[in-house]
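Inside the fold
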Amino acid sequence: MYIESIDLENFRNYEKLSLSFSESTNILYGDNAQGKTNVLEAAYVGATTRSHRMARDKDMIRFGEDEAHIRLQVRKRDVGHRIDMHLRRSKPKAVNIDGLPIRRSSELFGLINIIFFSPEDLSIIKDGPGERRRFMDMELCQLSRIYYGNLAGYNKVLNQRNNLLRSISFNKGLLETLDVWDEQLVQYGKRIISERHNFIEMLKEVILRVHAKITGGKESIDIRYEPNVTAEEFADVLRSKRDVDLKNNATMTGPQRDDIGVYIEGNDVRVYGSQGQQRTAALTMKLAEIELVQKLISDKPILLLDDVMSELDGKRRNALLESICDIQTILTCTGYDDFVRERTEKDRVYKVIKGTCHSEAGTEEV
């Protein structure tokens, strides 16, 4: 699968943009704050309905405008598809697939599989557990519409339960209504826990091989799903900790508090790993994600690399380049460096200047 073209109107700093892409490597280069990352963000939003920056729809609309448009022409197993997305300041986004409107975001997930890799991902190990949960959720949502539905349902029930917990502090009579929300929370939560466990177990097999290759077999790595509570115990623990939830006005038990543990030579890299080990482990997770997705969907995902190359040393950079040689990659960088030139004899290269993209020669705007 690959993106054939992208068209933007009033998205971020782009008034209008139309780009076509190669099936292999596509490079957007230029100074900072010119709009390189905005193109990758638009592609990601077009594929997943949401921003990797966690931005709201209205934040992505060009200043002074009421709407933004993203149009992706994609090809999957030799079949072309068109995704049209309208972002609106005062209304929910509207999405069409091949000219037909969709009612739920889940209908878009899985049409194409897209992996975003930015310098922030290199900090996924030392950052808080929320980033590692997001790592699981974003991939699982693209791989399974059922998971997306369970996650959306869980978050909706969780918010309503938390609102009820706050209301109970003013009206004790509402306490008896908690059982209804607890039952729904457990139903959704058990499915999420099970899917996350299966995902990490599959990822573990790939990570062992990828990490050994990057480190030359000098270190062993282990990744573990660390649920806040097991699926079997969720209902009992939620009930036993109800007083704690009432005291905190929030649900303290459940998959919203899960984490991923990463261990090198048996030591927790989050706590005891050097910066180099943490960055290598993060790179290993992303490369393993690419390989696992290829295996599960029997196709190649699309990779978006946002200025990652400059953050990696030679060994890690080579490991990344070797892993992406046969999949469509759209990458950004500030300089058109030698390591990029070596890979781009037949690829597309654009220079980004203040919200416009030009061919490498700089003679035509596209």
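Residues numbered from 1 in each chain as written. Predicted model: local features only at pLDDT ≥ 70, side-chain atom pairs only at ≥ 80, totals over all residues. Heavy atoms only, no water.

**Description of the overall build of the protein chain**
Selection rule: We count a stretch as a helix when DSSP gives it H or I for four or more residues in a row; a strand needs E for two or more, and each element gets its number in order from the N terminus. Taken over C-alpha atoms, the radius of gyration is set against a globule rule of 2.2 Å times the number of residues to the power 0.38. The buried label applies to any residue whose accessible area, calculated with a 1.4 Å probe on protein chains only, is under 20% of its type's maximum; exposed applies above 50%, and partly exposed to all values in between.
Helices and strands together make up the secondary structure of the protein chain, namely ten helices and 15 strands. At 22 Å, the protein chain has a C-alpha radius of gyration in line with the 21 Å of a compact globule built from 366 residues. The principal-axis extents of the C-alpha atoms in the protein chain amount to approximately 70 × 55 × 35 Å. The 366 residues of the protein chain split such that 52% are buried.

**As for the pattern of salt bridges**
A side chain of one charge can pair with a side chain of the opposite charge if their charged atoms are brought near each other. Quick note on the threshold: Salt-bridge detection follows one rule: a side-chain nitrogen of Lys or Arg within 4 Å of a carboxyl oxygen of Asp or Glu.
Under the counting rule described, the total for this entry stands at 27 salt bridges. Close ionic contact of Glu-201 with Lys-204 constitutes a salt bridge, the shortest N to O distance being 3.5 Å. In this pair, Glu-201 and Lys-204 both sit in helix H4 (residues 178–215), three residues apart, roughly one turn of the helix. Looking at Glu-201, the relative accessible area reads 32%, which means it is partly exposed.

**Some points on the nonpolar core**
How we decide: By nonpolar core is meant a set of buried Ala, Val, Leu, Ile, Met, Phe, Trp, Tyr and Cys residues that side-chain atoms within 4.5 Å join together. In this description, contact between two residues means that some pair of their heavy atoms is separated by no more than 4.5 Å.
Of all hydrophobic cores here, the largest spans 104 residues; its most connected members are Ile-3, Leu-19, Ile-70, Leu-203, Val-262, Leu-304 and Leu-320. Ranked by residues supplied to this core, first place goes to H4 with eleven residues. In this structure, Leu-320 is in contact with Phe-117, Leu-283, Leu-287, Leu-305, Val-308, Met-309 and Leu-312, ignoring residues within four places of it in sequence.

**Some remarks on the packing of H4 against helix H8 (residues 275–297)**
Keep this limit in mind: Orientation is described by lines fitted to C-alpha atoms, with helices fitted over the stretch in contact, and by angles between N-to-C directions that extend from 0 to 180 degrees. Roughly parallel means an angle under 35 degrees; roughly antiparallel means over 145; roughly perpendicular covers 65 to 115; every other angle is labelled oblique. Each helix crossing is assigned a hand: it is left-handed if the near helix lies turned anticlockwise from the far helix by less than a right angle, otherwise right-handed if that turn is clockwise. Under the scheme applied, nonpolar residues are Ala, Val, Leu, Ile, Met, Phe, Trp, Tyr, Cys and Pro; charged residues are Asp, Glu, Lys and Arg; polar residues are all the others, including Gly.
Between H4 and H8, whose axes approach to 8 Å, the crossing angle comes to 125 degrees. Taken together, the axis directions place H4 and H8 in an arrangement best described as oblique. The two elements H4 and H8 meet at a crossing, and its hand is right-handed. Mapping the contact onto sequence places Phe-199, Met-202, Leu-203, Val-206, Ile-207, Arg-209, Val-210, His-211, Ile-214 and Thr-215 in H4 and Thr-280, Leu-283, Thr-284, Met-285, Leu-287, Ala-288, Glu-289, Glu-291, Leu-292 and Leu-296 in H8. Partitioning the contact of H4 with H8 into residue classes produces 13 nonpolar, four polar and three charged.

**Some points on the sheet that holds strand E7 (residues 100–101)**
Note the cut-off: Strand pairing is assigned whenever DSSP detects at least two bridges linking the two strands.
Pairing within the open sheet is antiparallel, and its six strands lie in the order E2-E1-E4-E5-E6-E7. With one partner strand each, in any of the chains shown, strand E2 (14–20) and E7 form the two edges of the open sheet. Summarising the sheet, strand E1 (residues 2–11) and strand E4 (residues 67–76) pair through seven bridges and their orientation is antiparallel. Across the sheet, the residue bridging to Tyr-2 is Arg-75, located in E4. On top of the sheet, helix H1 (residues 36–48) reaches E1, E2, E4 and strand E5 (79–88); it is set at about 110 degrees to E1, its chief contact.

**Quick look at the sheet that holds strand E11 (residues 267–268)**
Judged by pairing direction, the sheet is antiparallel, and its three strands sit side by side in the order E9-E10-E11 without closing on themselves. In the strand order of this sheet, the two ends are held by strand E9 (221–226) and E11, each with one partner. In this sheet, E11 lies alongside strand E10 (residues 259–264) in antiparallel orientation, the contact comprising two bridges. In the strand pairing of E11, Ile-264 is matched with Asn-267.

**Looking at the side chain of Arg-279**
One can find Arg-279 in helix H8. Residue Arg-279 is classed as buried on the basis of its relative accessible area, which comes to 18%. Filtering out sequence-adjacent residues up to four positions away, Arg-279 remains in contact with Leu-122, Glu-311, Leu-312 and Arg-316.

**Some thoughts on the packing of aromatic side chains**
Selection criterion: Note on aromatic pairs: the rings of Phe, Tyr and Trp (six-membered ring only in Trp) are paired at centre separations within 6.5 Å, and the planes decide the class, stacked below 30 degrees, edge-to-face beyond 60, tilted for the rest. Distance and angle both matter: a charge sits over a ring if NZ of Lys or CZ of Arg is within 6 Å of the ring centre and within 35 degrees of the ring normal.
Taken as a whole, this structure holds three aromatic pairs when the rule is applied. Arranged with centres 5.7 Å apart and planes meeting at 85 degrees, the rings of Tyr-44 and Phe-116 form a pair that is edge-to-face. Of this pair, Tyr-44 sits in helix H1 while Phe-116 sits in strand E8 (residues 114–117); the two residues are 72 residues apart in sequence, bridging distant segments of the chain. With a relative accessible area of 7%, Phe-116 lands in the buried category. Both rings, one in Phe-135 and one in Phe-199, keep their centres 6.4 Å apart while their planes meet at 55 degrees; by these two values the pair is tilted. Pair noted here: Phe-135 is in helix H2 (residues 129–143) and Phe-199 is in helix H4, with a separation of 64 residues, a long-range link. Since its relative accessible area comes to 8%, Phe-135 is described here as buried. Above the plane of the ring of Tyr-263 lies Arg-224, whose end atom (NZ or CZ) is 3.9 Å from the centre.

**Overview of the packing of H2 against H4**
Helix packing for two helices is described by the angle between their axes and how far apart those axes are. At their nearest, the axes of H2 and H4 sit 11 Å apart, and the two run at 95 degrees to each other. Taken together, H2 and H4 sit at an angle that is classed as roughly perpendicular. Between H2 and H4, the contacting residues are Arg-133, Phe-135, Met-136, Asp-137, Glu-139, Leu-140 and Leu-143 on the first element and Glu-195, Arg-196, Phe-199, Ile-200 and Leu-203 on the second. Across the contact of H2 with H4, the residue classes tally to seven nonpolar, no polar and five charged.

**As for H2**
Selection rule: Here the expected length of a helix is defined as 1.5 Å per residue gap, with one fewer gap than residues.
Look at H2: 21 Å from first C-alpha to last across 15 residues, which is about the 21 Å you get at 1.5 Å a residue. Here H2 has its buried residues at Arg-132, Arg-133, Phe-135, Met-136, Asp-137, Met-138, Glu-139, Leu-140, Cys-141 and Gln-142.

**Examining the environment of Lys-190**
Mapped onto the fold, Lys-190 is located in helix H4. Each C-alpha atom, one on Lys-190 and one on Thr-37, is 37 Å from the other, the two residues being 153 residues apart in sequence. For Lys-190, the residues in contact, after removing those within four places along its chain, are Ala-231 and Phe-234.

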